Amino acid sequence: MSDEGHHMRYPIIEQRNLDVVGRRALRRRVRRLGELPKPNAHEVLVFRVNGRLIADNEQRSIDQGHVVDASHVSLVDMSLNMPVIVELAIRAADATTFTVQVTFECTVTDPVAVVRNGRTDARNFLEGYLRSEHRIFELGQKYRFDEVANFRQELTAGVTTFITGNPPTEPGMRIQLAGIEVIPSAELAEFERRRRELWQWSVLEVEKSSLFHTVTRTLEDQKQELEEQRQRHDHKLRAEVGTFQLDEVQKHFDKMGHSSQLGAYLALVTGGLSPVEFAQQLRAQAERHEQRRDDTNRHALREHLDALKVWIRQGGTDNVNVDPDKLDALFNRLIDDVATAIDSLPPKKQMESIESRRMTKEHDDADSKQ
């Protein structure tokens with residue numbers, strides 16, 4: 001028998017009816033090879049001989065009396081603490097099913113009693129034993145299939161209490177509880193699978209969100225740091241450029257001194273003035289220079305004339321032998337110089353100069369009358 005066969009049936013693994021062994025002349029009666037099961041080391045044969053059951057623990061030969069006279073033989077498993085699993089389907093509150101596995105450890109203590117009682121499969125006996133406790137099945141009505149943890153806890157307590165107070169008994173066997181387990185049903189397995197997937201998805205989403213915020217915060221920090229670096233760089237650059245420009249201005253100032261014209265040229269070269277503005281500044285500078293020169297000439301001429309008039313008024317000509325022709329030539333020259341100076345002025349300046357001389361003449365005439 002295979003191991004699978006041993007688990008399929010326990011404690012009586014196999015049973016056979018035996019033919020009557022007849023006599024053959026003067027030969028001894030013997031059973032043919034293959035009529036009897038071949039027991040393993042943990043198994044025994046139990047023969048029925050004339051209504052009596054005899055356990056052959058010594059593995060007697062096929063010509064022994066009870067072996068030859070037996071009408072039936074059973075092969076019994078004598079394994080120590082043989083696990084026997086009983087599976088129960090318990091309805092849940094949501095019309096699904098909890099699959100419960102209760103494991104017992106069984107040991108055959110009297111093979112003859114086991115054969116006499118006819119318990120070929122302890123699983124059937126133990127399943128009936130558990131089903132006799134109706135409260136086990138009522139527990140499932142309190143829980144949905146997704147509340148399997150709570151159901152398992154109460155079921156374990158209930159079954160343990162039942163078995164302790166009313167242990168299973170079977171002649172020739174010792175039976176004890178080994179464990180209780182709730183096996184996930186197909187619906188529960190699918191539910192748990194989807195819940196794990198959802199949980200994994202949630203974890204991934206949280207990690208993605210955390211990573212996104214981390215990257216965003218890092219980028220913002222980097223952006224802020226770059227902005228601060230840029231500001232520091234611009235500040236430093238402006239300071240360096242300002243220092244450079246001051247140095248350059250100082251150099252140019254040392255070269256050009258107080259020359260406004262050179263300053264205008266410098267502004268044009270460095271971009272401080274456009275060509276139009278530069279031309280306007282040059283024109284304004286030329287006009288100011290011309291104005292200063294005219295004012296200087298006019299002032300010098302006026303001083304000479306005043307001095308001459310004072311000299312004449314004080315009678316200077318009375319004591320000096322002056323040639324009238326030379327005196328006329330001198331006045332004519334003065335008149336020509338004044339006319340030439342006025343002609344060199346712009347029209348507006350000419351009018352201002354003529355008006356100024358007119359007022360000066362009136363003032364001089366008033367002084368001479370006094």
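Each chain carries its own residue numbering, running from 1 in the written order of its sequence. It should be noted that, the model being predicted, local features are given only for residues of pLDDT at least 70 and side-chain atom pairs only at 80 or more, the latter also being counted only at that level, while totals for whole chains, interfaces and linings use all residues. Computation of side-chain values covers all heavy atoms of the structure but excludes hydrogens and water.

With respect to the overall build of the protein
Where we set the bar: Helical segments are the DSSP runs of H or I of at least four residues, strand segments are the runs of E of at least two, and each set is numbered from the N terminus. Exposure was quantified through the Shrake-Rupley algorithm and a 1.4 Å probe, taking into account, for residues, occlusion by the shown protein chains and nothing else.
Counting its secondary structure elements, the protein contains 11 helices and 7 strands. For the protein, the exposed surface amounts to about 25600 Å²; the carbon and sulfur share of it is 54%.

Some details on the sheet that holds strand β2 (residues 43-49)
Rule in force here: Here a strand pair is declared whenever DSSP counts at least two bridges between the two strands. Only the contacting stretch of a helix is used when fitting its axis, a line to C-alpha atoms as for every element, and angles between N-to-C directions run 0 to 180 degrees.
A sheet is described by the order of its strands in space; here 4 strands give the open sequence β1-β4-β2-β3, paired in antiparallel fashion. One side of each edge strand has no neighbouring strand; the edge strands of this open sheet are β1 (12-17) and β3 (52-56). Adjacent strand axes in the sheet meet at a mean angle of 20 degrees, parallel and antiparallel pairs treated alike. As paired strands, β2 and β3 are joined by 5 bridges and run antiparallel to one another.

Some remarks on the pattern of salt bridges
How we decide: We define a salt bridge as a side-chain nitrogen of Lys or Arg found within 4 Å of a carboxyl oxygen belonging to Asp or Glu. Three labels apply to residues, based on accessible area from a 1.4 Å probe with only protein chains included: buried if under 20% of the type maximum, exposed if over 50%, partly exposed otherwise in between.
Here the structure, examined in full by the defined rule, presents 10 salt bridges. Residue Glu-133 is joined to Arg-135 by a salt bridge in which the shortest nitrogen-to-oxygen separation is 2.4 Å. You can call Glu-133 buried: its relative accessible area is 11%. A relative accessible area of 58% places Arg-135 in the exposed class. For the salt bridge of Arg-144 with Asp-146, the shortest nitrogen-to-oxygen distance reads 3.2 Å. Accessibility expressed as a relative area gives 27% for Asp-146, which makes it partly exposed.

Side note on the confidence of the model for the protein
Note the cut-off: Confidence per residue, as judged by the predictor, is encoded in pLDDT with a range of 0 to 100. Residues are treated as being in contact if the distance between any of their heavy atoms lies within 4.5 Å.
Residues with a pLDDT of 70 or more make up 68% of the protein, whose mean pLDDT is 78. pLDDT under 50 marks residues 1-6. Its contacts with residues more than four places away, or in other chains, come to 7 contacts.

A closer look at the sheet that holds strand β5 (residues 82-91)
Sheet architecture is open: 3 strands sit in the order β5-β6-β7, paired in antiparallel fashion. Because the sheet does not close on itself, it has two edges, and the strands there are β5 and β7 (173-183). For this sheet, the mean angle separating the axes of adjacent strands, direction not counted, is 20 degrees. As paired elements, β5 and strand β6 (residues 97-108) share 10 bridges and run antiparallel to each other. Following the sheet pairing, Ile-90 is matched in β6 by Phe-98. Seen against the sheet, helix α4 (residues 122-131) touches β5, β6 and β7 and runs at an angle of roughly 40 degrees to β5.

Digging into the environment of Val-182
Its place among the elements puts Val-182 in strand β7. In this structure, the C-alpha to C-alpha distance between Val-182 and Gln-101, residues 81 residues apart in sequence, is 6.2 Å. Setting aside residues up to four positions removed in sequence, Val-182 forms contacts with Phe-98, Thr-99, Val-100, Val-148, Phe-151, Arg-152 and Leu-155.

Quick notes on the packing of aromatic side chains
Centre distance and the angle of the planes are the two values used to describe a pair of aromatic rings. Going by this rule: Planes of paired rings set the category: under 30 degrees apart is stacked, over 60 is edge-to-face and the rest tilted, where pairs are Phe, Tyr or Trp rings (Trp by its six-membered ring) whose centres lie within 6.5 Å.
Summed over the entire model, instances satisfying the criterion amount to 4 aromatic pairs. Measuring from ring centre to ring centre gives 4.1 Å for Phe-98 and Phe-151, while their planes differ by 10 degrees; the resulting arrangement is stacked. Of this pair, Phe-98 sits in strand β6 while Phe-151 sits in helix α6 (residues 148-165), and the two are 53 residues apart along the sequence. Considered together, Phe-98 and Phe-151 belong to a single accessibility category, that of buried residues. The exposure class of Phe-151 is buried, given its relative accessible area of 0%. Members of the aromatic cluster, joined through ring pairs, are Phe-98, Tyr-143 and Phe-151.

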